[in-house]
Amino acid sequence: MSKVVLAFSGGLDTSVCVKYLQTLHHLDVITLTVDVGQDDDFEEIAKVSSELGAIDHVYINAKHEFLNDYVVPSIKANALYQQKYPLATAIARPLIARKVVEVAKKHDAIAISHGCTGKGNDQVRFDIAIRSLDPNLNIIAPIRDMNLTRDKELQYAEKNNIRISDVAKKYSIDENLWGRAIEGGSLENIENEPHDDAFKFVQQSNNEAGYITIGFERGRPVSIDGEKLEIDSLINKLNKVAGSHGVGIIDHIEDRVIGIKSREVYEAPAALLLIEAHKDLEKLVLTNQELRFKFHVDDQWAWLAYSGLWLDPLLTDLNAFIDKTQERVTGEIKIKMHSGSYRVVGRKSTFSLYDDDAITYMSSSKFDQRLATGFVTLWGLQSSAANKKIWEYKRQNGKI
Ligand code: ARG
């Protein structure tokens with residue numbers, strides 16, 4: 001029989017897919033689970049795969065690659081889709097697609113399968129990445145092809161003795177080191193506040209204010225409170241500390257690529273803190289001109305990553321610009337966290353453009369205020385001229 005490689009999480013959608021691929025497409029299924037830091041029991045997932053009758057199960061630990069090639073560039077790009085969503089799911093998809101293509105080639109599979117619905121962004125990300133990497137592979141998306149819905153899938157799972165965990169029945173969750181997305185269930189009513197059971201990292205257990213200092217080197221986070229840490233430990237630590245102060249929940253209305261507006265709930269304490277700290281450091285060391293331009297670059301970067309165009313050459317082009325700006329993004333940012341809120345309260349950098357002598361109101365100032373008079377006159381030249389014309393025109397035409 002011909003083979004198909006299925007990107008497999010062990011959840012509802014992908015478990016149902018195994019059965020459909022076997023019975024409807026008459027294919028031998030190889031399941032692949034890519035570890036991007038989701039807190040899952042991988043042995044259990046392998047067991048589920050074999051119970052479902054997959055002929056092989058592959059596990060790939062891609063955490064290192066995910067952090068270095070996907071998460072760190074996101075930090076450098078201050079990547080927040082619609083100024084809110086740190087893109088955890090979005091940036092993991094092209095990496096998973098790359099691994100599925102590799103495994104498909106290794107096993108001579110004729111097709112690749114994923115459990116995405118036809119309503120979301122993940123289908124866009126998977127399909128475009130797979131096609132960019134190998135246009136000869138067929139893509140089978142059973143849930144989308146058969147227009148399946150969660151209630152129908154649950155019925156099908158029950159009928160076919162497919163084991164589904166209780167959390168998976170309640171919400172559709174996608175998790176990795178960069179964050180967790182929680183969808184479905186009671187969250188679909190946009191008037192409802194999410195229940196606490198939707199969250200894992202964010203548990204308000206600390207009522208005192210807390211401080212944390214994050215160190216960056218060339219845009220990459222490297223330390224917490226002066227202690228050098230590998231990026232995975234650093235993110236885990238931030239998730240824990242910020243989460244204990246109730247920091248890290250995002251609840252917003254998001255525009256999906258296919259046009260649907262959706263209510264999205266995320267928890268990403270480390271991502272929010274790191275991006276806030278990184279942005280603040282950039283404000284200290286980059287010039288006004290660089291910052292204004294980079295704001296647009298960052299926004300475009302987030303859109304490409306969100307909308308499945310990770311492999312578009314423009315993203316590589318933007319990364320080249322961003323990396324150049326990061327040469328001076330070295331320093332330390334101190335953040336205060338308290339009952340769900342967080343803000344930067346201190347910063348320092350060898351590349352700081354902040355000049356105490358210029359800004360101080362005391363007599364130690366080296367700034368000659370008299371120079372400002374001429375500057376202000378010239379700066380407002382055109383605005384004053386335009387207003388003078390408008391005023392004259394109105395007066396001549398009896399409008400005032
Ligand atoms: N809306 C988010 C995105 O497009 C999250 C998707 C989460 N996926 C899921 N299967 N729960 O990236």
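Residues numbered from 1 in each chain as written. Predicted model: local features only at pLDDT ≥ 70, side-chain atom pairs only at ≥ 80, totals over all residues. Heavy atoms only, no water.

You'll find the chain entered in an unreviewed UniProt entry as Argininosuccinate synthase, with Candidatus Nitrosocosmicus franklandianus given as the organism. In UniProt, the chain has this text filed under Subcellular location (unreviewed entry): "Cytoplasm". The UniProt entry for the chain carries the following text under Subunit (unreviewed entry): "Homotetramer." (UniProt positions renumbered as here; feature names shortened; annotations may be inferred.)

## Topic: the site of the ligand
Neighbouring the ligand are 14 residues, the closest being Tyr 85, Asn 121, Arg 125, Glu 183 and Glu 254. Interatomic distance of 2.5 Å between a side-chain N/O atom of Tyr 85 and an oxygen atom of the ligand. Side-chain polar atom of Glu 264 to a nitrogen atom of the ligand: 3.1 Å apart, as the coordinates give it. Taking 350 Å² as the accessible area of the ligand by itself, protein coverage stands at 90%. Taken together, the elements giving at least two residues each to the shell around the ligand come down to α4 (88-106), α5 (122-133), β6 (172-176), β7 (179-183) and β12 (261-267). (Near = heavy atom within 4 Å. Polar contact = N/O pair within 3.5 Å; in protein donor to acceptor, adjacent residues only side chain to side chain. Areas by Shrake-Rupley, 256 points an atom, 1.4 Å probe, with all protein chains shown as cover. Helix = DSSP H or I, 4+ residues; strand = E, 2+ residues; numbered from the N terminus.)

## Section: the nonpolar core
Among the nonpolar cores identified, the biggest contains 83 residues, and Phe 66, Leu 87, Ile 91, Trp 178 and Trp 301 are the most heavily contacted of them. The greatest single-element share of this core, amounting to 11 residues, is contributed by α4. By size, the runner-up hydrophobic cluster in this structure holds 24 residues, among which are Val 16, Phe 42, Ile 143 and Ala 157. (Core = buried A, V, L, I, M, F, W, Y, C linked by side-chain atoms within 4.5 Å. Buried < 20%, exposed > 50% of the residue type's maximum accessible area, 1.4 Å probe, protein only.)

## Things to note about the pairing of strand β8 (residues 210-217)
Counted residue by residue, β8 has 6 buried out of 8 residues, so it is predominantly covered. Direction of pairing for β8 relative to strand β13 (residues 331-338): antiparallel, over a ladder of 7 bridges. The residue of β13 that forms the bridge with Gly 210 is Met 337. Sheet topology places β8 next to strand β9 (residues 220-224); 4 bridges connect them, and they run antiparallel. Pairing of Ile 214 across the sheet is with Ile 224, part of β9. Connecting β8 to the next strand, β9, in antiparallel fashion are 2 residues, including Arg 218 with a positive phi near 45°. (Pairing = 2+ DSSP bridges.)

## Regarding the UniProt feature "binding site: L-citrulline" (unreviewed entry) in the chain
If you check UniProt for "binding site: L-citrulline" (unreviewed entry), the listed places come out as Tyr 85, Asn 121, Arg 125, Ser 172, Glu 254 and Tyr 266 in our numbering. The topology assignment puts Arg 125 in helix α5. Residues in contact with Arg 125, not counting those within four places in the same chain, are Thr 89, Ala 90, Arg 93, Ala 305, Tyr 306 and Gly 308. Looking at Arg 125, its side chain comes within polar contact range of the side chain of Asp 122, at 2.7 Å. Its place among the elements puts Tyr 266 in strand β12. (Contact = heavy atoms within 4.5 Å.)

## Things to note about the packing of helix α3 (residues 63-76) against α4
At a closest axis distance of 10 Å, the pairing of α3 and α4 adopts a crossing angle of 145°. Both α3 and α4 take part in a crossing whose hand is right-handed. Residue-level contacts link Glu 65, Phe 66, Tyr 70, Val 71 and Ser 74 of α3 to Ala 88, Ile 91, Ala 92, Pro 94, Leu 95, Arg 98 and Lys 99 of α4. Residues belonging to the contact of α3 with α4 are distributed by class as follows: 8 nonpolar, 1 polar and 3 charged. (Axes fitted to C-alpha atoms, helices over the stretch in contact; angles between N-to-C directions. Left-handed = near helix turned anticlockwise from the far one by under 90°. Nonpolar A, V, L, I, M, F, W, Y, C, P; charged D, E, K, R; others polar.)

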